[in-house]
Amino acid sequence: MLIVNAISIKMRIADSRSFSIDYKNNCFQKDGKPFQYISGSIHYSRIPREYWKDRLLKMYMTGLNAIQVYVPWNFHETVQGVFNFAGDRDLEYFLNLANQTGLLVILRPGPYICAEWEMGGLPAWLLQKPNIILRSADTEYLKPASEWLAELLTKMRPWLYQNGGNIISVQVENEYGSYFACDYNYMRHLHTLFRLFLGEDVILFTTDGNTDKEMICGTLEGLYATIDFGTDTNITAAFIRQRRFEPKGPLVNSEFYTGWLDHWGEKHASVDTVKVSKMLGEMLSMGASVNMYMFEGGTNFGYWNGADHDSRFRSVVTSYDYNAPLSEAGDPTDKLLAIRDVIKNFRDIPVGPMPPATPKFAYGFVTLQKVSLLDTLSPQGPVRSQYPLTFEEIKQYYGFMLYRTTLPRNVPEPTPLISPLNGIHDRAYVSVNGVYQGLMERDTALVMNVTGQQGDQLDILVENMGRINFGSYINDKKGLLGNLILGNDVLTDWSIYPLDIDTAVANGWLQAAHSGSAMEAGDGPMIYSGTLKSTGLAWDTFVKLNGWTKGQVWVNEVNLGRYWPQRGPQQTLYVPGPFLSATQPNNITVLELERAPSHRRILFMDRPQLNNTGQKT
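Residues take numbers from 1 onward in each chain, read along the sequence in its written order. Note on the predicted model: pLDDT of at least 70 is required for a residue's local features to be given, and 80 or more for side-chain atom pairs to be given and counted; whole-chain, interface and lining totals, by contrast, use all residues. As a convention, hydrogens and water are excluded, and side-chain values are obtained from all of the structure's heavy atoms.

Looking at an unreviewed UniProt entry, one finds the protein chain named Beta-galactosidase-like and attributed to Sinocyclocheilus grahami. UniProt positions are given in the numbering used here, feature names are shortened, and annotations may be inferred rather than shown by experiment. The Sequence similarities (unreviewed entry) comment attached to the protein chain in UniProt states, word for word, "Belongs to the glycosyl hydrolase 35 family."

Shown next, in the form of structure tokens:
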């Protein structure tokens, strides 16, 4: 009887809940009353699960009444047909925490999200189909995309506001007007699919940039058209453009940019706090609903960073701090306090103190030792091929692959090794008989000289620096995409090793291989290992690799991401406290790709350094 009563009460509550567009009064309506949302973007995929509640509470205490959330398809379906919503991927747990905190949700499930995320959230396994047209009505794309949305949206339907949850609106696709395809049949198919799984009552919307072309190709009848723009834009002109596509209904800026992303070799992005707060106040005064992108950016842990390609390939850095109101480590900033002062003029701010910054600790130096050669990290052995194969052809989607062949003849004088079709995606580290010769890089360094004898072993370690996440080049395959030519000889007879470094780290193989000897540091790809002793604390920290060149860092089993201090601007990697043990030694693993310093030390600091630009690209 109690169960029946509980179900009945829940049904009555759901019956009384509604979220809709009031076209007569140009606003949203929540439960029959005018409603303006003040929202911030947060990405659960970029924040440790243990910190979700902390970040959401800080957003609520700033005065936000909603959050905006992307769902990265490739984060949940890394293997086709295998869906993972556990642990750090537990989206429903995240939605529940937001609900308990008092935050509504604007859901952006894609299937493409951009977000400076690897391949814009699309799974790399789609590229096994060589002629696939992504984000279009091409059946090779539409079938797996539809299967993913069926899985995801079925889970999301109970979380819709009118069903008793906290999702007030759902975006269909993302900034589609920025893509070349302009395929209305694709958008119609998605519209039908979203209605099928979510019902007729939920608000479905689109978001596009502030140009006519973007709005024309990205909007569709039946989907509410919103716009996005930052502090460099005239508010009135932008909303006039939205009005041309939505003559009635609420004004909405779905991405008001509080900061911006960073690429390696460029200055750390910064957007002026005064401009952000002034413009936010102006939009709210107009009655517009606003989402701030980002409110907290977080971190591109592991290999999840994306890349851009305009005149050349530009990889996004590991930090997604974004110069946002909450820092990469979730700490309130002056920008957050200024935004809260603006919001106070439009709605009541929750009573109580802002949760403090998480505690930080400077653990000091750790000395590392050389422990392993890379070719031991492919336990299944090589794939043999006359010509190079891509990452996607071998189903090694992220990280690194080692391409090995032999020199076809004597090359006593420096002889050019050439990638004639710009087929290095994205960086290649070249060794002959284990001696590092130099590197080749996409778009910028397609020729280098080598020497050696016929039969010498030629090793080319190729790094995937993150797939393009925006624009027309998102079908971004990795590895050696074409032949390499040594002088006049096309290199053939390759042994290709998919390197599973993450599994080796997780299983402790590299720690077990620790020689304990003080081996000299050298040039070229090499793995180093050490131990951060337990201190009784597991607080946030930041690791700095002063003198190291470029590579990847793991703490215990967690891949922190890429470092590249010589190129900058990012100089430290964020290490959340939950990644550390307070009572057990913490294993540190570093893959250095070019040159390690003779001191072989890394430093754990109590503050980040994100704004020192090194060598220009």
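Text resumes after the structure shown.
1. Here's the deal with the overall build of the protein chain
Of the regular secondary structure elements, the protein chain holds 13 helices and 34 strands. If one aligns the C-alpha atoms of the protein chain with their principal axes, the spans along those axes are about 80 × 55 × 55 Å. Type-normalised accessible area, obtained with a 1.4 Å probe on protein chains alone, sets the label of each residue: buried when under 20%, exposed when over 50%, and partly exposed for intermediate values. Expressed as a percentage of the 617 residues in the protein chain, the buried residues total 60%. Taking all contacts inside the protein chain whose residues are at least 6 apart in sequence as the whole, residues at least 24 apart take part in 79%. Accessibility throughout is a Shrake-Rupley quantity obtained with a 1.4 Å probe, and a residue counts as covered only by protein chains that appear here. Carbon and sulfur atoms make up 52% of the accessible area of the protein chain, which amounts to about 23,600 Å² in all. Just so you know, the count uses Lys and Arg for positive and Asp and Glu for negative, and it drops His and the chain ends. Where a charge lies is defined by one atom per residue type: Lys uses NZ, Arg uses CZ, Asp uses CG and Glu uses CD. Here the protein chain contributes 55 positively and 63 negatively charged side chains, and the mean placements of these two sets differ by 4 Å. Helix and strand assignments follow DSSP, with helices taken as H or I runs no shorter than four residues and strands as E runs no shorter than two, numbered in order from the N terminus. Residues count as neighbours in contact if any of their non-hydrogen atoms are within 4.5 Å of one another.

2. Brief notes about the pairing of strand β30 (residues 551–555)
Burial analysis of β30 places five of its five residues in the buried class, the great majority of the element. Residues Gly551, Val553 and Val555 line one face of β30 and the alternating positions Gln552 and Trp554 line the opposite face, and both faces are buried. Whether two strands pair depends on DSSP finding at least two bridges between them. Here β30 folds back onto strand β31 (residues 558–563) in antiparallel fashion, the turn holding two residues, of which Asn556 has a positive phi close to 55 degrees. Pairing of β30 with strand β33 (residues 586–592) involves five bridges; the strand directions are antiparallel. Across the sheet, Val553 pairs through a bridge with Val590, a residue of β33.

3. Here's the deal with the pattern of salt bridges
In what follows, salt bridge is the name for a side-chain nitrogen of Lys or Arg lying within 4 Å of a carboxyl oxygen of Asp or Glu. Going through the model one piece at a time under the given rule, you end up with 30 salt bridges. The partner of Glu594 in a salt bridge is Arg427, and the shortest N-O contact between them spans 2.4 Å. With Glu594 in the loop between β33 and β34 (601–605) and Arg427 in strand β20 (residues 427–432), the pair connects residues that are 167 residues apart, well separated along the chain. A residue is classified by how much of its surface remains accessible, and Arg427, at 3% relative accessible area, is buried. Several salt bridges share partner residues, and in doing so they unite Asp54, Arg55, Lys58 and Glu296 into one network.

4. Digging into the sheet that holds strand β7 (residues 167–171)
If you walk around this closed barrel you meet the eight strands as β4-β5-β6-β7-β8-β9-β10-β11, and the pairing is parallel. Neighbour to neighbour, the strand axes of the sheet diverge by 30 degrees on average, direction disregarded. Where strand β4 (residues 38–42) lies against strand β5 (residues 66–70), three bridges are found, and the strand directions are parallel. Pairing of Gly40 across the sheet is with Ile67, part of β5. What counts as an axis is a line fitted to C-alpha atoms, over the stretch in contact for a helix, and the angles between N-to-C directions run from 0 to 180 degrees.

5. Some thoughts on the UniProt feature "domain: Beta-galactosidase 1-like first all-beta" (unreviewed entry) in the protein chain
As recorded in UniProt, the sites labelled "domain: Beta-galactosidase 1-like first all-beta" (unreviewed entry) are residues 388–500. Along residues 388–500, the helical share is 4% and the strand share 49%, with 19 Å between the first and last C-alpha atoms.

6. Considering the packing of helix α4 (residues 91–101) against helix α5 (residues 139–156)
If you want to describe how two helices pack, look at the angle between their axes and the distance between the axes. Relative to each other, α4 and α5 sit at 30 degrees, their axes nearing to 11 Å. What the angle tells us is that α4 and α5 run roughly parallel. Classified by chirality, the crossing of α5 by α4 is right-handed. Residues Leu91, Glu92 and Leu95 of α4 form the contact with α5, whose participating residues are Leu152, Lys155 and Met156. Just so you know how the angles are binned, under 35 degrees is roughly parallel, over 145 roughly antiparallel, 65 to 115 roughly perpendicular, and the rest oblique. Handedness of a crossing follows from how the near helix is turned relative to the far one, being left-handed for an anticlockwise turn of less than a right angle and right-handed for a clockwise one.

7. A few points about unusual backbone geometry
The step from Tyr293 to Met294 runs through a cis peptide bond, and the omega angle for that step is -5 degrees. With respect to the helices, strands and loops of the structure, Met294 is situated in strand β11 (residues 289–296). Positive phi, normally seen in glycine, also occurs at Arg135, with a value near 55 degrees. Along the chain, the position of Arg135 falls in the loop between β6 (104–108) and α5. A residue is classified by how much of its surface remains accessible, and Arg135, at 1% relative accessible area, is buried. Not every positive phi belongs to a glycine, and Glu175 is a case in point at roughly 45 degrees. Secondary-structure assignment places Glu175 in the loop between β7 and α6 (184–198). Taking relative accessible area as the criterion, Glu175 reaches 9% and is therefore assigned buried.

8. Section: the packing of helix α9 (residues 273–285) against helix α10 (residues 334–343)
Between α9 and α10, the shortest axis-to-axis distance is 9 Å and the interhelical angle comes to 25 degrees. By the angle between their axes, α9 is roughly parallel relative to α10. Here α9 runs over α10; the crossing is right-handed. Between α9 and α10, the contacting residues are Thr273, Val276, Ser277, Leu280, Gly281 and Leu284 on the first element and Asp334, Lys335, Ala338, Ile339 and Val342 on the second. The class makeup of the residues in the contact of α9 with α10 is six nonpolar, three polar and two charged. Classification convention: Asp, Glu, Lys, Arg as charged; Ala, Val, Leu, Ile, Met, Phe, Trp, Tyr, Cys, Pro as nonpolar; all other residues, Gly among them, as polar.

9. Considering the pairing of β20
When you tally the buried positions in β20, you get six out of six residues, the bulk of the element. Taking every second residue as pointing to the same face, both faces of β20 are buried, with Arg427, Tyr429 and Ser431 on one and Ala428, Val430 and Val432 on the other. As judged from the six bridges shared by β20 and strand β21 (residues 435–441), these two strands associate in the antiparallel manner. Among the inter-strand pairings, Tyr429 is bridged to a residue of β21, identified as Leu439. Here β20 folds back onto β21, and the loop between the two strands holds two residues, one of which, Asn433, carries a positive phi near 50 degrees. Note: β20 against strand β23 (residues 457–463), six bridges, orientation antiparallel. Bridged to Val432 within β23 is Leu458.

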